[in-house]
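So you can see what is in the structure, the chains are spelled out below.
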Amino acid sequence: MSDTGTQIARAAEEAAGGGWRRAGIAGAAIGVIAAGAAAGVAVERLTVGRGMRKKARLALDSAGPYGSLRGLPGKAQAEDGTVLYYEVDEVEPDSAKGRRGRRLFGRKAPAPVTVVFSHGYCLSQDSWHFQRAALRGVVRTVYWDQRSHGRSERGKAQTEHEEPVTIDQLGRDLKAVIDEAAPEGPLVLVGHSMGGMTVMALADQFPELIRDRVVGAAFVGTSSGRLGEVNYGLPVAGMNAVRRVLPGVLKALGSRVELVERARGATADLFAGIIKRYSFASREVDPAVARFAERLIESTPIDVVAEFYPAFGDHDKQDALRHFADRPVLVLAGDKDLVTPSEHSESIADELPDAELVIVPDAGHLVMLEHPELVTDRLADLLARAGVAAPAANVVAHGSTAQPGK
């Protein structure tokens, strides 16, 4: 084991109060997480040198415009003073994008609505790249970075007062962004994973906002609670052991950011394999898209990962779903999502019997990157059902991630 790896192991053992070595099942279970990725990496290392792999990653980074779309920047201030970064894409009815809008929706000027996109854990607003490309100039959209993610500030409540992150706090953050970026007019709220939980927390705390302004909502690869039951594709007994020690391990590693970030660099191939396993299910995802997802996730510092993780165990917003019962809702998930399994989306749909439930075959957690044309098509249909615009015609050209020749 490398010196860096040894230090990481010691940090993990300290986090478990000296019991890490005794938690044999937990160690084995964590090994299972990496096993599938490690097998592929081992084969690759037999045939591809380190320098060649580095060149390949650089080539993939420049292979597509993923994450390069930018809008009108803005800032909102959360209740604790954290500055939250957002961008707005305005409607452009007289531009080429406006003409594309007529192809998508069959009309020149959609109703004045703002679609607000909230991203997931360890991601950023750029995770909506394909949907942004398709909807750009068609409807007014807002994309924002959750606290401590992307271009937003580190949460001041966490860094200055050592307060834990809560999903309720994220809901209030979303309210601050809406107040600044879309203070009036109808809203459609779209959330992926943690972003969907954020939308639920907004509804729980500000039901009048949902009642008075929200005309539609989309919950993508998310959950209303019971996340403690998710086993991430591991044996149940092993996952239970992991849950007992993981919070302490993350906390300890989060206190040694520089050490952990060095280790990330030294194990880049394995890290990429793990990300791919828990992000995608299809074998035909463009490698450049997989690399884009890797860049998004690896840009989240380990101390932020540690700060946010405990919040998911406390998340329970099943009752908040009732605020969306009388309006159009899309509930969408990948059928092979290991992070927020499709059963959680089915549970959301059970609370909203008039919602459209879409379970996407051969799809993982990052379904909006893996099958962007399908996700964008269903979002466009949601806008139509919400009375925002006429039904979409064809969005495939704005989001194919299949490898060339497939």
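Since this is a predicted model, take the numbers as computed values, not measurements.

**Here we look at the sheet that holds strand 5 (residues 187-192)**
Okay, step 1: With mixed pairing, the eight strands of this open sheet are ordered in space as 1-2-4-3-5-6-7-8. Two strands bound the open sheet, and with one partner strand each, they are strand 1 (72-77) and strand 8 (356-360). The average undirected angle you get between the axes of adjacent strands in this sheet is 20°.
Okay, step 2: Sheet analysis places strand 3 (residues 114-118) next to strand 5, joined by five bridges and oriented parallel. Following the sheet pairing, V115 is matched in strand 5 by V188.
Okay, step 3: Sitting on the sheet, helix 17 (residues 372-385) touches strand 3, strand 5, strand 6 (214-220), strand 7 (329-334) and strand 8, and the angle it makes with strand 7 is about 170°.

**What to know about the pattern of salt bridges**
Okay, step 1: This structure, assessed with the given rule, holds 26 salt bridges.
Okay, step 2: Members of the salt-bridge network, linked through shared partners, are R70, E87, D89, D126, R132, R136 and R151.

**Considering the pairing of strand 5**
Okay, step 1: For strand 5, the buried fraction is high: six of the six residues fall into the buried class.
Okay, step 2: By the alternation rule, side chains of strand 5 split into L187, L189 and G191 and V188, V190 and H192, which are all buried.
Okay, step 3: As paired elements, strand 5 and strand 6 share six bridges and run parallel to each other. Paired with V188 across the bridge in strand 6 is G216.

**What to know about the confidence of the model for the protein chain**
Okay, step 1: For the protein chain, the average pLDDT comes to 81, and 68% of its residues sit at 70 or higher.
Okay, step 2: Across residues 18-48, where pLDDT falls below 50, the model places 39 contacts with residues more than four positions away in sequence or in other chains.
Okay, step 3: A low-confidence stretch, residues 391-399 (pLDDT under 50), is modelled with 21 contacts involving residues beyond four sequence positions or located in other chains.

Rules and cut-offs
Residues numbered from 1 in each chain as written. Predicted model: local features only at pLDDT ≥ 70, side-chain atom pairs only at ≥ 80, totals over all residues. Heavy atoms only, no water. Pairing = 2+ DSSP bridges. Helix = DSSP H or I, 4+ residues; strand = E, 2+ residues; numbered from the N terminus. Axes fitted to C-alpha atoms, helices over the stretch in contact; angles between N-to-C directions. Contact = heavy atoms within 4.5 Å. Salt bridge = Lys/Arg side-chain N within 4 Å of Asp/Glu carboxyl O. Buried < 20%, exposed > 50% of the residue type's maximum accessible area, 1.4 Å probe, protein only. pLDDT = per-residue confidence, 0-100.

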